[in-house]
Each structure stands twice: as structure tokens, then as C-alpha cells.
Amino acid sequence: MKKYDLRTLFFLTLCCDLGLLSKRLISPAANLITDALHIPGGIGTSFSLMFLVIASALTAQLGCAALMGAVQSGIALAIGMVGSMGALSVIGYVMPGIVIDGLMWQTRRLGVSEESAIVLANATASVCASMTANWIVFRLTGVILLLYVCVSVTSGALCGMLGAKIARRLRPVLPVRGERKNCGEQGGARE
């Protein structure tokens, strides 16, 4: 991985914290929907993953989301936000990060628009998080599992659309590596 400048590190830290905090804030409203459908979740996680996708899109560095997922899992373990997965929640945080990194890297190579890439990465990472939680804890099968995945992909796509709008607004503040000309002379330069 290439070195991150201080502004980028601050932004990544903020995204990690916002991801964890937003999960706590949105969970009560999301639980109303998931309880009515009799599924374990998927909506709060989709919103939380949006911040990892935004950070991955704006930094454009392979491994960024997986690193942030690992940091989030460490923070979650330290403050007791592990939920029903317990110590295995590390897998639940890192696996979606790996999926985000892989999809963002592949979409950049294929020339897919950033908005589409963000929506696709968020939706797929949400499904990955749901399937990981199902594998570790819930063991759902059949129609209930299908409903769980459908809610995850739908909420992931909707949160991805919101994430694409946020990323567009943040783009002037945190440009992708190489966007600036002669940034070596400016403050906050990237190396």
C-alpha cells in the first residue's frame, strides 16, 4: 500500500467512526422493519458499510476498505459492540471490506462510473455481511434466507445511492491520488 497523507488518514478514521456510530443510531429504526419481516437485520449494516465504500472510492487505494474493516472490528471488540457474532465479528467486519476493495478495483479497471461502482460495491458488501452473519450465527435457509438477502441488497443499493451523492460532494475536498498537478509543492501533498 502507498503512504496515506494526514488528511486522508483523518478522513479514513472519521469514516470508521461514522460507520460504527451510524450503525447504533439507525438500528432502532431498522429493527422496526426487520422485526416485521422476521429477519435478523441487514439495513443498519448497509448504512454502516456506506462509509467504507465512500472512503474506498475517494482514496482509490486497494486494501483501504479491508484495513478500515479491521480497524472497525478492533474498535467494536474494545467497546463491546460485537453483537451476536462475538469474537468472530472480526470476520464480519473484514469480509465486506475485502469485497468492497475487490469491486472498487475491478470497476476502476473496467471504467465503470464512480456512482455505479459505489452502488454495486455497497449492495454486494451488504450481501456479503449478511451471508457472513448467517454463516456464523443465524443459519437461515430457504425463503427466510432469500428475504434476508433481498433486504440486504435493496438497502445496500439505496445506501450506495446516498453514498454516491456524498462522495460527489466530498470529491473536491479529497481528490483521488494523481488528480492534482504539482501537489508536491502544496500543503497536504500525497506521496
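Being a predicted model, the structure only gives us computed values, none of them experimental.

Caption draft 1: Representation of the overall build of the protein chain within the structure. The number of helices and strands found in the protein chain is six helices and zero strands. Going from the N terminus to the C terminus, the protein chain shows its helices and strands as α-α-α-α-α-α. Against the 2.2 N^0.38 benchmark of 16 Å for 191 residues, the protein chain shows a C-alpha radius of gyration of 17 Å, consistent with a compact globule. C-alpha atoms of the protein chain, sized along the principal axes, occupy 55 × 35 × 25 Å. Every one of the 191 residues in the protein chain was classed for burial, and the buried ones make up 45%. A separation threshold of at least 6 residues defines the contact pool for the protein chain, and within that pool the share at least 24 residues apart is 74%.

Caption draft 2: Looking closely at the packing of aromatic side chains. One pass over the full model with this rule turns up two aromatic pairs. With 5.8 Å between their ring centres and 90° between their planes, Phe47 and Phe51 make a pair best called edge-to-face. Separated by four residues within a single helix, Phe47 and Phe51 lie in helix α2 (residues 43–59), roughly one turn from each other. Of the two residues, Phe47 and Phe51, neither departs from the other in class, the shared state being buried. Seen from their ring centres, Phe138 and Tyr148 are 6.3 Å apart, and the 90° between their planes marks the pair as edge-to-face. On the criterion of sequence distance, the pair formed by Phe138 in helix α5 (residues 114–138) and Tyr148 in helix α6 (residues 142–170) is long-range, its members being 10 residues apart. For Tyr148, a relative accessible area of 3% gives the class buried.

Caption draft 3: Structural detail: the nonpolar core. One finds Phe11, Leu12, Ala55, Met68, Ile100, Met104 and Ile118 to be the most contacted residues of the largest nonpolar core, which totals 29 residues. At 10 residues, α2 tops the list of elements feeding residues into this core. Beyond its immediate sequence surroundings of up to four residues, Ile100 is in contact with Leu49, Leu52, Val53, Ser56, Ala65, Ala121 and Ala125. Within the second largest apolar cluster, 11 residues are counted, among which are Ala30, Ile39, Ile43 and Leu140.

Caption draft 4: Spotlight on the pattern of salt bridges. Considering all chains together, one arrives at two salt bridges under this definition. Notably, a salt bridge pairs Glu114 with Arg171, separated by 2.1 Å at the nearest N-O pair. Remark: Arg171 occurs in the segment after α6 and Glu114 occurs in helix α5; sequence separation between them is 57 residues. For Arg171, a relative accessible area of 16% gives the class buried. The salt bridge partner of Arg168 is Glu115, with a shortest N-O separation of 3.6 Å. On the criterion of sequence distance, the pair formed by Arg168 in helix α6 and Glu115 in helix α5 is long-range, its members being 53 residues apart.

Caption draft 5: Main features of the confidence of the model for the protein chain. Of all residues in the protein chain, 90% attain a pLDDT of 70 or more, and the chain-wide mean is 86. Mean pLDDT across the elements of the protein chain ranges from a minimum in helix α1 (residues 6–37), with 87, to a maximum in α5, with 95. This model gives residues 178–191 a pLDDT under 50, and the stretch forms 20 contacts once residues within four places in sequence are excluded.

Caption draft 6: Spatial organisation of the environment of Tyr93. With respect to the secondary-structure elements, Tyr93 resides in helix α4 (residues 89–110). For Tyr93 and Pro40, which are 53 residues apart along the polypeptide, the C-alpha to C-alpha distance reads 17 Å. Excluding anything up to four places from it in sequence, Tyr93 contacts Leu20, Lys23, Gly69, Gln72, Ser73, Ala76 and Met81.

Here is what the cut-offs are and how they apply
- Residues numbered from 1 in each chain as written.
- Predicted model: local features only at pLDDT ≥ 70, side-chain atom pairs only at ≥ 80, totals over all residues.
- Heavy atoms only, no water.
- Helix = DSSP H or I, 4+ residues; strand = E, 2+ residues; numbered from the N terminus.
- Rg over C-alpha atoms; globule rule 2.2 N^0.38 Å.
- Buried < 20%, exposed > 50% of the residue type's maximum accessible area, 1.4 Å probe, protein only.
- Contact = heavy atoms within 4.5 Å.
- Phe/Tyr/Trp six-rings, centres within 6.5 Å; stacked < 30°, edge-to-face > 60°.
- Core = buried A, V, L, I, M, F, W, Y, C linked by side-chain atoms within 4.5 Å.
- Salt bridge = Lys/Arg side-chain N within 4 Å of Asp/Glu carboxyl O.
- pLDDT = per-residue confidence, 0-100.

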